[in-house]
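# Fold and geometry: a report
As a plain string of letters, each chain reads:
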Amino acid sequence: MAHPSQLGFQDAASPVMEELLHFHDHALMIVFLISTLVLYIIVAMVSTKLTNSYILDSQEIEVVWTILPAVILILIALPSLRILYLMDEINDPHLTVKAVGHQWYWSYEYTDYQQLGFDSYMIPTQDLTPGQFRLLETDHRMVVPSETPVRVLVTAEDVLHSWAVPALGVKMDAVPGRLNQTAFIASRPGVFYGQCSEICGANHSFMPIVVEAVPLQHFENWSSFMLQDA
């Protein structure tokens, strides 16, 4: 859960998000080093009137400042490509949930069960109970088992939406007439909040996403209860 004046990402709740945090730190360190070097060169150029003919006309320096940026780009690109492939990898999911974006709410269908599905609306501010978050809490949460591969099929019924949960490292566009898929593994039980990340209309900011990860036994009890009510 993000908090006021937070500078970094939310705490990782999935292996993919942990990889994204490591890559962010890796890239940020390279940016700091480049920024420090450029700042030093600017200060040196401004604060001294001395010139060196070796710097003004040197084949070796030109080779260095051509090869060095290429090496830096490779150091950034290789980990980035690795994470992209990890995010696309879906190995033997134990549960599949279909998330459908509407104007302006989400509906969820548990395709492994015959009649398990529900709509998820944002709870209005006047109906919130103490401890619930304004503009983030929903009347029905998407419940999934923790430490279990979960596949999410994402689509939309009317306009473009985007199903995103930052703590899980998941963001997938919901396109009408198209079925996209993503996957995640919740590393621990908890409640993880997200929002539609596509400007989809007037009430775009009022269609939050809440994923509740629970132990497998609790998930089985919840699914049995939901099927009895269906």
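Cut-off values and rules
- Residues numbered from 1 in each chain as written.
- Predicted model: local features only at pLDDT ≥ 70, side-chain atom pairs only at ≥ 80, totals over all residues.
- Heavy atoms only, no water.
- Domains from an automatic or database assignment.
- Contact = heavy atoms within 4.5 Å.
- Buried area = accessible area lost by both parts, 1.4 Å probe.
- Salt bridge = Lys/Arg side-chain N within 4 Å of Asp/Glu carboxyl O.
- Polar contact = N/O pair within 3.5 Å; in protein donor to acceptor, adjacent residues only side chain to side chain.
- Helix = DSSP H or I, 4+ residues; strand = E, 2+ residues; numbered from the N terminus.
- Nonpolar A, V, L, I, M, F, W, Y, C, P; charged D, E, K, R; others polar.
- Pairing = 2+ DSSP bridges.
- Axes fitted to C-alpha atoms, helices over the stretch in contact; angles between N-to-C directions.
- Buried < 20%, exposed > 50% of the residue type's maximum accessible area, 1.4 Å probe, protein only.
- Core = buried A, V, L, I, M, F, W, Y, C linked by side-chain atoms within 4.5 Å.
- Parallel < 35°, antiparallel > 145°, perpendicular 65-115°, else oblique.
- Left-handed = near helix turned anticlockwise from the far one by under 90°.
- UniProt positions renumbered as here; feature names shortened; annotations may be inferred.

### Some words on the domain arrangement of the protein chain
- Segmentation of the protein chain into domains returns domain 1 (15-88) and domain 2 (95-229).
- The C-alpha centroid of domain 2 is placed 39 Å from the C-alpha centroid of domain 1.
- The interface of domain 1 with domain 2 comprises six residues on the first partner and six residues on the second.
- Area buried by domain 1 at its contact with domain 2 is led by Pro-15, Met-17 and Met-87, which between them contribute 79% of it.
- Put simply, domain 1 and domain 2 have zero salt bridges between them.
- Counting the contacts that link domain 1 with domain 2 gives zero residue pairs in polar contact (both at pLDDT 80 or more).
- Take the side of domain 1 that touches domain 2: its biggest share by element is five residues, from helix α1 (residues 15-47).
- A breakdown of the residues in the side of domain 1 that touches domain 2 according to their chemical character gives five nonpolar, no polar and one charged.

### Details of the sheet that holds strand β9 (residues 190-195)
- Read from one edge to the other, the open sheet built from three strands follows the order β4-β10-β9, with strand pairing classed as mixed. One side of each edge strand has no neighbouring strand; the edge strands of this open sheet are β4 (142-145) and β9. Strand-to-strand, the axes of this sheet are offset by a mean angle of 25°, without reference to chain direction.
- Across four bridges, the pairing between β4 and strand β10 (residues 208-214) is parallel. The residue bridging Val-144 from the neighbouring strand is Ala-213, located in β10.
- Across the sheet, helix α4 (residues 216-229) touches β4 and β10, and the angle it forms with β4 is around 135°.

### Looking at unusual backbone geometry
- For the bond running from Gln-103 to Trp-104, omega is -10°, close enough to zero to count as cis.
- Mapped onto the secondary structure, Trp-104 falls in the loop between β1 (95-102) and β2 (105-110).
- A positive phi angle is found at Ser-5, which is not glycine, with a value near 60°.
- In this structure, Ser-5 sits in the segment before α1.
- Note on Ser-5: relative accessible area 71%, which makes it exposed.
- A positive phi angle, close to 55°, is found at Glu-147, a residue other than glycine.
- Mapped onto the fold, Glu-147 is located in the loop between β4 and β5 (149-156).
- Owing to a relative accessible area of 62%, Glu-147 belongs among the exposed residues under this scheme.

### Some points on the nonpolar core
- Core analysis: the biggest nonpolar cluster contains 35 residues, and Tyr-110, Met-142, Trp-163 and Phe-184 have the highest contact counts within it.
- For this core, the secondary-structure elements that each account for two or more residues are β1, β2, β4, β5, β6 (161-165), β7 (170-174), β10 and α4.
- Not counting residues up to four positions away in its chain, the partners in contact with Trp-163 are Ala-99, Trp-106, Tyr-108, Met-142, Val-152, Val-154, Val-170, Lys-171, Met-172, Phe-184, Ile-209 and Val-211.

### What to know about the packing of α1 against helix α3 (residues 59-88)
- Relative to each other, α1 and α3 sit at 170°, their axes nearing to 10 Å. The orientation of α1 with respect to α3, classified from their angle, is roughly antiparallel. Here α1 and α3 pass one another in a crossing that is left-handed. Counted together, Val-16, Glu-19, Leu-20, Phe-23, His-26, Ile-30 and Ile-34 of α1 and Ile-72, Leu-75, Ile-76, Pro-79, Ser-80, Arg-82, Ile-83, Leu-86 and Met-87 of α3 form the full contact between these two elements.
- Counted by class, the contact of α1 with α3 contains twelve nonpolar, two polar and two charged residues.

### Examining the UniProt feature "transmembrane region" (unreviewed entry) in the protein chain
- The residues that UniProt annotates with the feature "transmembrane region" (unreviewed entry) are residues 27-46 and 66-85.
- Measuring from the first to the last C-alpha atom of residues 27-46 gives 29 Å, for a span that is 100% helix and 0% strand.

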